[in-house]
Amino acid sequence: MTDFTQEEKESFMAEALKEAQKSLAKEEIPIGCVIVKDGRIIGRGHNAREELNQAVMHAEIMAINQANAVEDNWRLLDSTLFVTIEPCVMCSGAIGLARIPKVIYGAANQKFGAAGSLYDILTDGRLNHRVEVETGILEEECARIMQDFFRKRRKS
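Residues numbered from 1 in each chain as written. Predicted model: local features only at pLDDT ≥ 70, side-chain atom pairs only at ≥ 80, totals over all residues. Heavy atoms only, no water.

- Named according to an unreviewed UniProt entry, the chain is tRNA-specific adenosine deaminase originating from Streptococcus ratti.
- Its UniProt record gives the chain a comment under Sequence similarities (unreviewed entry), which states: "Belongs to the cytidine and deoxycytidylate deaminase family. ADAT2 subfamily."
- The annotation that UniProt attaches to the chain under Subunit (unreviewed entry) is "Homodimer." (UniProt positions renumbered as here; feature names shortened; annotations may be inferred.)

Quick look at the structure:
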């Protein structure tokens, strides 16, 4: 697993924010994700539940599916998942099942977060796979895109 500089972390999170913008353009909840291995992006995803009419089409699931195809393997060892908002229970489970060793997320999710806020699935010692978690990379930008989305939605 790669140790990233602060600049690299911010660069990859900026790529995740570009994915979130894709969701926003489709009036989806704007969450974006990239999976990085050996310094390159192997998976990208953004929320597409409304577009694809599939409840499980969260950004992390889409990125994991793409990375599995690129790697031709269900195990995503030696990779890091960057996501704009703290993963939910479903996505945290998928991250563990994919054996992703590290997650870096931008902003916490107090209502649905399962990587430290509401639940802590990724580091739960009762599970056979634990994930290193880092938070706060481009936190303000990641939180703002969500806050703006929901503020606009409440007004309409």
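### Looking at unusual backbone geometry
Point 1. Despite not being glycine, Asp-38 has its phi angle at roughly 55°, a positive value.
Point 2. Topologically, Asp-38 is positioned in the loop between β1 (32-37) and β2 (40-46).
Point 3. By relative accessible area, Asp-38 is classed as exposed at 63%.
Point 4. Of note, the phi angle at Leu-138 is positive, near 50°, even though the residue is not glycine.
Point 5. Relative to the assigned elements, Leu-138 resides in the loop between β5 (132-135) and α5 (139-155). (Helix = DSSP H or I, 4+ residues; strand = E, 2+ residues; numbered from the N terminus. Buried < 20%, exposed > 50% of the residue type's maximum accessible area, 1.4 Å probe, protein only.)

### Things to note about the pattern of salt bridges
Point 1. Summed over the entire model, instances satisfying the criterion amount to 12 salt bridges.
Point 2. The partner of Lys-18 in a salt bridge is Glu-15, with the nearest N and O atoms 2.9 Å apart. Note that Lys-18 and Glu-15 are positioned in helix α1 (residues 6-25) at a spacing of three residues, about one turn of the helix.
Point 3. Its relative accessible area of 49% is what places Lys-18 among the partly exposed residues.
Point 4. Taking the shortest distance from any N to any O, the salt bridge between Arg-144 and Glu-140 comes out at 2.8 Å. Of this pair, Arg-144 and Glu-140 both sit in helix α5, four residues apart, which is roughly one turn of the helix.
Point 5. A relative accessible area of 57% means that Glu-140 is categorised as exposed. (Salt bridge = Lys/Arg side-chain N within 4 Å of Asp/Glu carboxyl O.)

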